[in-house]
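Below are the chains, spelled out letter by letter.
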Amino acid sequence: MTSHQTPEREALYAALSGMHLSPLWQSLHTLVPPHPTAPYAAALWRYADIAPQMARAGEVITAHEAVRRVLVLENPALPGRSSITQSLYAGLQLILPGEVAPSHRHSQSALRFVIEGQGAYTTVAGERTTMHPGDFIITPSWTWHDHGNLGVDGVCEPVVWLDGLDIPMLRYFDSGFAENDTQDSQAVSRPEGQSFARYGYNMAPVKSLHQGATSPVFNYPYARSREALDLLSRTDAIDAWHGYKLCYTNPLTGGSPMPTMATFMQLLPKGFKGKRARSTDGTVYSVVEGHGKVTINAQVFDFAPRDTFVVPSWASVAFDCPQDDVVLFSFSDRPVQLAMGVLREQFLTD
Ligand code: 1HN
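Residues numbered from 1 in each chain as written. Predicted model: local features only at pLDDT ≥ 70, side-chain atom pairs only at ≥ 80, totals over all residues. Heavy atoms only, no water.

Colleague: Got a minute to help me understand the environment of A125 in this structure?
Modeller: For A125, the position within the fold is in the loop between β6 (120–124) and β7 (127–130). Given the relative accessible area of 37%, A125 is considered partly exposed. In this structure the C-alpha to C-alpha distance between A125 and S189, which are 64 residues apart in sequence, comes to 8.4 Å. (Helix = DSSP H or I, 4+ residues; strand = E, 2+ residues; numbered from the N terminus. Buried < 20%, exposed > 50% of the residue type's maximum accessible area, 1.4 Å probe, protein only.)

Colleague: Sorry if this is basic, but what is going on with a nonpolar patch on the surface here?
Modeller: Together, L24, L28, L31 and V32 make up a nonpolar patch on the protein surface, roughly 390 Å² of accessible area in all. Relative to the elements of secondary structure, L31 occurs in helix α2 (residues 28–31). The exposed category is assigned to L31, whose relative accessible area is 57%. (Patch = residues over 30% accessible without salt bridge, like charges linked within 9 Å, V, L, I, M, F, W, Y side chains within 5 Å. Areas by Shrake-Rupley, 256 points an atom, 1.4 Å probe, with all protein chains shown as cover. Salt bridge = Lys/Arg side-chain N within 4 Å of Asp/Glu carboxyl O.)

Colleague: Even after reading the chapter, I still don't get the pairing of strand β19 (residues 299–303), so can you show me in this structure?
Modeller: A regular strand carries its side chains on alternate faces of the sheet. Two elements, strand β18 (residues 292–296) and β19, share five bridges in a ladder whose sense is antiparallel. Opposite V294, over in β19, you have F301 as the bridge partner. Connecting β18 to the antiparallel partner β19 that follows it, the hairpin turn spans two residues, and N297 within it adopts a positive phi of roughly 50 degrees. (Pairing = 2+ DSSP bridges.)

Colleague: Looking at this structure, how should I read the sheet that holds β7?
Modeller: Either a parallel or an antiparallel arrangement is found when strands of a sheet pair, and the pairing is made through backbone hydrogen bonds. As summarised here, the arrangement of the five strands in space is β7-β6-β9-β4-β11, forming an open sheet in which the pairing is antiparallel. Two strands lie at the open edges of the sheet, namely β7 and β11 (178–180), each paired on one side alone. Averaged over all pairs of adjacent strands, the angle between their axes in this sheet comes to 25 degrees, without regard to strand direction. Looking at chain direction, strand β4 (residues 100–106) and β11 are connected through three bridges and run antiparallel. Bridge pairing in β11 links R105 to E179. (Axes fitted to C-alpha atoms, helices over the stretch in contact; angles between N-to-C directions.)

Colleague: Please explain the site of the ligand as it appears in this structure.
Modeller: Within the structure, the ligand sits among R68, Y89, Q93, H104, H106, R112, H145, H147, D163, L165 and I167. At a separation of 2.6 Å, an oxygen atom of the ligand approaches a polar side-chain atom of H147. Out of a free accessible area of 330 Å², the ligand has 83% covered by protein chains. Sorting the residues of the shell around the ligand by element identifies β3 (89–95), β4, β9 (145–149) and β10 (159–165) as the ones contributing at least two each. Per-class residue counts for the shell around the ligand are three nonpolar, five polar and three charged. (Near = heavy atom within 4 Å. Polar contact = N/O pair within 3.5 Å; in protein donor to acceptor, adjacent residues only side chain to side chain. Nonpolar A, V, L, I, M, F, W, Y, C, P; charged D, E, K, R; others polar.)

Colleague: Just to check I follow, could you spell out the pattern of salt bridges for this structure?
Modeller: Opposite charge on two side chains permits pairing when their charged atoms draw close. By the definition in use, this model includes twelve salt bridges. E99 is the partner of R69 in a salt bridge, and the nearest nitrogen-oxygen pair spans 2.6 Å. Of this pair, R69 sits in the loop between α4 (63–66) and β2 (70–72) while E99 sits in the loop between β3 and β4; the two residues are 30 residues apart in sequence, bridging distant segments of the chain. You'll find R69 and E99 in the same group, each marked buried. We note a salt bridge from K273 to D320, for which the minimum N-O separation is 3.8 Å. With K273 in strand β15 (residues 272–273) and D320 in strand β21 (residues 317–321), the pair connects residues that are 47 residues apart, well separated along the chain. According to the relative accessible area criterion, K273 is exposed, its value standing at 64%.

Colleague: What is the right way to read the nonpolar core from this model?
Modeller: One recurring pattern in soluble globular proteins is that nonpolar side chains are buried together. Residues L92, M265, F329 and F331 are the most contacted members of the largest nonpolar core, which totals 49 residues. Residues Y285, F309, A315 and L328 belong to the second largest nonpolar core, which totals 18 residues. (Core = buried A, V, L, I, M, F, W, Y, C linked by side-chain atoms within 4.5 Å.)

Colleague: Just checking my understanding: could you explain the UniProt feature "domain: Cupin type-2" (unreviewed entry) in the chain for this structure?
Modeller: Mapped onto this structure's residue numbering, the UniProt feature "domain: Cupin type-2" (unreviewed entry) falls at residues 92–151. Between the end C-alpha atoms of residues 92–151 the distance is 20 Å, and the span holds 0% helix and 60% strand. (UniProt positions renumbered as here; feature names shortened; annotations may be inferred.)

Colleague: How do you make sense of the sheet that holds strand β17 (residues 283–289) when you look at a structure like this?
Modeller: Across the sheet, which stays open at both edges, the six strands sit in the order β1-β20-β17-β22-β14-β13 with antiparallel pairing between neighbours. Every other strand in the sheet has two partners, leaving β1 (43–45) and β13 (244–247) as the edge strands with one partner each. For this sheet, the mean angle separating the axes of adjacent strands, direction not counted, is 20 degrees. Taken together, the six bridges between β17 and strand β22 (residues 326–332) define a ladder with antiparallel strand orientation. The residue of β22 that forms the bridge with E289 is V327. Where helix α7 (residues 222–235) meets the sheet, its contacts fall on β13, β14 (262–268), β17 and β22, and the angle it forms with β14 comes to roughly 50 degrees. (Contact = heavy atoms within 4.5 Å.)

Colleague: Help me understand the side chain of T139, please; the structure alone is not making it clear to me.
Modeller: You can see T139 is positioned in strand β8 (residues 136–139). Residue T139 is classed as buried on the basis of its relative accessible area, which comes to 1%. The contacts of T139, once residues within four sequence positions are left out, are S109, A110, R112, V124, H145 and M258.

Colleague: Please explain the pairing of β3 as it appears in this structure.
Modeller: Here β3 lies mainly inside the structure; seven of its seven residues are buried. Here β3 shows no split at all, with Y89, G91, Q93 and I95 on one side and A90, L92 and L94 on the other all buried. Bridge count for β2 against β3 is three bridges, and the pairing is antiparallel. Bridged to V70 within β3 is Q93. Of the strand pairs in this sheet, β3 and β10 are connected by seven bridges, and their pairing is antiparallel. In the sheet register, Q93 faces β10, and the bridge partner there is W161.

What follows is the structure, encoded as structure tokens:
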């Protein structure tokens, strides 16, 4: 609602507009709406549609020339902004056998969720890790990182992963820096598996030297996450909204692995028909296993393995899995909203 127009008011507004001034009473209601009104849309990207375009991208440009060969998942309501929500970026990255994506670093934090293929690695801050489907890998702010695909156990396939970055958030804060390395592949200074050996077993070195706001574990392997969900589903009561849902943690703090993004994995057993929930953290989902249906407000999307979908802030979400056990990976800006004290969730009971 705006206030009534009178000739005097209109004359005032006209005078103000040339002076970089505006009357708050004209915009107050949209500035502080009674509930979130996200200006972006619910959307689903079918992997079956994307895969052929990814293959074409693999033919027209190398990972080296592209630096990162990525198809950005642009929210349909935010074209040209490289944003899947207002605060988050998502894209699908392809690296072919023998390729290298050169080393660089940036203040934006990144996560990788491996979608398909065996044989790729990523090196983060001097340690290399082999990427397997379902692994969740972090690239903390300002850490050197490069990727390659040399094969593993004699298998060398095209590898695709989902990248999640806090790019729009840092753009908003104007706090982005980036730097290219002097070499394509950074020197490996630590043996593969060292971080996990030190911090991945519910233990930590008694003289831990790890500092900073990010997890010392940088690859959370799918075998472990899947096993945890499977065991939980045998022992715990199921949640009527989330099914069995775990968040990934920084083992030193119990908080999120990186300060700007929270990550989750959930198991929805075959036959699960979830209730509706909503929360202020718009969330990106990657389907790991199974077919099902997600209802976002009034829109229904069927999903299959490797599809990506986005649930906007404060949109209600409910899952229906009549056919298969379903496993979903997801990420959001939840830690930032928690730090600001503005995260709100609602679990609807209808
Ligand atoms: C980046 O560094 C990666 O390292 C992926 O794989 C996607 C999107 C924008 C800016 C930097 C990567 C990116 C990115």
